[in-house]
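Survey of secondary and tertiary structure
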Amino acid sequence: MRVKCSNYIKLEFPARSANESLARSAVAAFAAQLDPTLDELGDIKTAVSEAVTNAIVHAYPEQIGTVYLRAQITGGDTLELTVKDKGQGIADISQAMEPLYTTGGDDRSGMGFTIMESFMDNLHVRSVPGKGTTVNMRRRIRRKV
């Protein structure tokens, strides 16, 4: 069953580290309409940062590609996020999702997917080597009583 989308935004930007903060800010401003707590908003911003940083660092190691970001509200209380690239893809998603696994060198922690998974209600990763990766995340924002 497909849940109706009540609002959405789409962004497209070069895979440059300076644009990670743009993605965080845009999603935070968009999510504000759900009236999240500061903790919820912090979790969402962190998950977006991790997904966008993965695209910047891992999808396009030799070039500046494009990162595609979509945020939408579904069911009246759920934020759905999609971060997509058309980069080199992930050969083994299960391995890439293991804590501490990284292909980014010594300066990377290998915790990106683990952080996304812990801060969001749902995380799904699809990837095709040579064609890119799509990260879908979902977080329900509970109504204040």
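Not measured: the values here are computed from a predicted model. (Residues numbered from 1 in each chain as written. Predicted model: local features only at pLDDT ≥ 70, side-chain atom pairs only at ≥ 80, totals over all residues. Heavy atoms only, no water.)

**Some remarks on the sheet that holds strand β5 (residues 132–140)**
One open sheet accounts for five strands, arranged β1-β2-β3-β5-β4; its pairing is antiparallel. In the strand order of this sheet, the two ends are held by β1 (5–14) and β4 (122–128), each with one partner. Put simply, the sheet's adjacent strands are angled 10° from each other on average, direction ignored. Where β1 meets strand β2 (residues 66–74), nine bridges bridge the pair, whose relative direction is antiparallel. Looking across to β2, one finds that Phe13 is bridged to Val67. Set on the sheet, helix α1 (residues 20–31) makes contact with β1, β2 and β3 (78–85); between it and β1 the angle comes to about 170°. (Pairing = 2+ DSSP bridges. Helix = DSSP H or I, 4+ residues; strand = E, 2+ residues; numbered from the N terminus. Axes fitted to C-alpha atoms, helices over the stretch in contact; angles between N-to-C directions. Contact = heavy atoms within 4.5 Å.)

**So, the environment of Ala29**
For Ala29, the location among the structural elements is in helix α1. The spatial distance from the C-alpha of Ala29 to the C-alpha of Leu41 is 9.5 Å, given a sequence separation of 12 residues.

**Some points on the pattern of salt bridges**
Evaluated as defined, the whole model comprises three salt bridges. Here Asp43 ties to Arg139 by a salt bridge, and the two come within 3.2 Å at their closest N and O atoms. One end of the pair, Asp43, is in helix α2 (residues 38–59); the other, Arg139, is in strand β5, with 96 residues separating them in the sequence. Overall, Arg139 belongs to the buried group, its relative accessible area being 11%. For Arg138, the salt bridge goes to Glu80, with nearest N and O atoms at 3.3 Å. (Salt bridge = Lys/Arg side-chain N within 4 Å of Asp/Glu carboxyl O. Buried < 20%, exposed > 50% of the residue type's maximum accessible area, 1.4 Å probe, protein only.)

**So, the nonpolar core**
In this structure, Leu79, Leu81, Phe113, Met116, Val135 and Met137 are the most contacted members of the largest nonpolar core, which totals 35 residues. If you list the elements that add at least two residues to this core, you get α1, α2, β2, β3, α4 (112–119), β4 and β5. Examining the composition of this core, we find that nine residues originate from one element, α2, more than from any other. Ignoring sequence-local partners within four residues, the contact set of Leu79 consists of Val27, Phe30, Ala31, Leu34, Ile44, Ala71, Gln72, Met137, Arg138 and Arg139. (Core = buried A, V, L, I, M, F, W, Y, C linked by side-chain atoms within 4.5 Å.)

**So, α4**
Among all positions in α4, only Gly112, Phe113 and Met116 are buried. For α4, the buried positions fall inside an angular range of 95° around the axis, keeping them on one side. On its buried side, α4 packs onto α2, α3 (93–96), β4 and β5. (Arc of directions from axis to C-beta.)

Bear in mind that shape data such as this cannot, by itself, settle questions of function.
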